[in-house]
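Report on the structure
Each chain, letter by letter, is given below.
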Amino acid sequence: MVSLETLPNMIDITAVAADTRLSDVDRICDIAKAYHCASTITLPCYFSRTLKNTIGYDLLHGCVTGFPFGGELTSAKVYEAKQLELLGAQEIDMVMNIGAFLSGNLKYTKQDISAVCDAVKIPVKVIIETALLTDEQIARAAELVAGAGAPWVKSSTGFQGKPTTVEMVRIMKDAVGDTVKVKASGGIRSLDTLLEMADAGAERFGLGVRGCDGILRELDQRLGRENMIGQKE
């Protein structure tokens, strides 16, 4: 059972929408520092800003590649991942080639993932976009990610209109067991849902900068403290 006190250590605060502004990037840094979150994640063009804004804090610095559709050339994903690692990224969230997977081209899909994982020394979280998959496909995609050598399988970008559910998390976890860690993201809007997902096997959560306020306020209330959003230590 995850405690409320340590829950923020499992949260990645993200600013990855197409209309992400510098103010959003600065805000995820402020939130991550105030709550001692696991990491900040933003678009590649803003990565250096998150790095600069969190100097001296015990935070991981994450970024995305192949985002948000996964249809880039494998070589492009590999190049971007390498560049981000050189800039100081400590984790990368990449999107699986969803179209290839749905077309049944599992060999290509697996090779695409493996190429990125092999190109860098930092952990790669592979987004399978559960919003576009059936339960059976979610399980198959999670197994494919594990077989490709990725240490994490992640549910969703959050851009496909169908929120990640506790059952989706459970399916992913059942598919990979203890071989791969599970990250839940995409449309998580309540603290109870997040806690249920943790019980189902999720070890990390992605919360967007524009959707995290409600969960963090609820967390503060249950811990009996003033709201910490935007506060810096």
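So, a few notes on the structure that sits alongside this text.

Quick notes on the rules
Residues numbered from 1 in each chain as written. Predicted model: local features only at pLDDT ≥ 70, side-chain atom pairs only at ≥ 80, totals over all residues. Heavy atoms only, no water. Core = buried A, V, L, I, M, F, W, Y, C linked by side-chain atoms within 4.5 Å. Buried < 20%, exposed > 50% of the residue type's maximum accessible area, 1.4 Å probe, protein only. Helix = DSSP H or I, 4+ residues; strand = E, 2+ residues; numbered from the N terminus. Axes fitted to C-alpha atoms, helices over the stretch in contact; angles between N-to-C directions. Parallel < 35°, antiparallel > 145°, perpendicular 65-115°, else oblique. Left-handed = near helix turned anticlockwise from the far one by under 90°. Contact = heavy atoms within 4.5 Å. Salt bridge = Lys/Arg side-chain N within 4 Å of Asp/Glu carboxyl O. Pairing = 2+ DSSP bridges. Right-handed = clockwise from strand over helix to strand, strands pointing away. Polar contact = N/O pair within 3.5 Å; in protein donor to acceptor, adjacent residues only side chain to side chain.

Core analysis: the largest hydrophobic core is formed by 78 residues, its most contacted members being Tyr35, Ile113, Ile128, Val153 and Phe205. Ranked by the residues each element gives to this core, the list is headed by helix α1 (residues 22–35), at 7 residues.

It is the contact of α1 with helix α9 (residues 213–222), at a shortest axis distance of 13 Å, that shows an interaxial angle of 20 degrees. What the angle tells us is that α1 and α9 run roughly parallel. Handedness of the α1/α9 crossing: left-handed. The residues of α9 that touch α1, namely those facing Arg27, Ile31 and Tyr35, are Asp213, Leu216, Leu219 and Asp220.

Once that is clear, we can look at the environment of Leu133. Topologically, Leu133 is positioned in the loop between β5 (124–127) and α6 (135–147). You can call Leu133 buried: its relative accessible area is 5%. Put simply, Leu133 and Leu102 are 31 residues apart on the chain and 8.4 Å apart in space, counted from C-alpha to C-alpha. Setting aside residues no more than four positions away along its own chain, Leu133 makes contact with Phe101, Leu102, Ile128, Ile138 and Ala141.

Per the counting criterion, the structure on display carries 21 salt bridges. Where Asp26 meets Arg49, a salt bridge forms, and the shortest distance between an N and an O atom there is 2.8 Å. Of this pair, Asp26 sits in helix α1 while Arg49 sits in helix α2 (residues 47–53), and the two are 23 residues apart along the sequence. Since its relative accessible area comes to 22%, Asp26 is described here as partly exposed.

With that settled, consider the pairing of strand β3 (residues 60–65). Most of β3 is tucked away, with 5 of its 6 residues classed as buried. Bridge analysis of strand β2 (residues 39–42) against β3 gives 4 bridges, and the strand direction is parallel. Looking across to β3, one finds that Ser39 is bridged to Leu60. What joins β2 to β3 is α2, and the crossover it makes is right-handed. Pairing analysis gives 4 bridges linking β3 to strand β4 (residues 91–95), with the strands arranged parallel. Bridging from a neighbouring strand, Cys63 pairs with Ile92 of β4. Handedness of the crossover joining β3 and β4 through helix α3 (residues 74–87) is recorded here as right-handed.

Let us now look at the side chain of Thr164. The topology assignment puts Thr164 in the loop between β6 (152–154) and α7 (166–176). A distance of 3.1 Å separates polar atoms of two side chains, one belonging to Thr164 and the other to Ser155. With sequence-adjacent residues up to four places away left out, Thr164 is seen in contact with Thr130, Ser155, Ser156, Val169, Ser185, Gly186 and Met197.

All right, on to the sheet that holds β5 then. Taken in spatial order, the 8 strands of this closed barrel run β1-β2-β3-β4-β5-β6-β7-β8, and their pairing is parallel. Geometrically, the sheet is characterised by an average inter-axis angle of 25 degrees between neighbouring strands, direction not taken into account. Pairing of strand β7 (residues 181–185) with strand β8 (residues 202–208), which is carried by 4 bridges, proceeds in the parallel orientation. Its bridge partner lying in β8, Val182 is registered against Ala202. Contacting β1 (11–15), β7 and β8, helix α8 (residues 191–200) crosses the sheet at an angle of about 150 degrees to β8.

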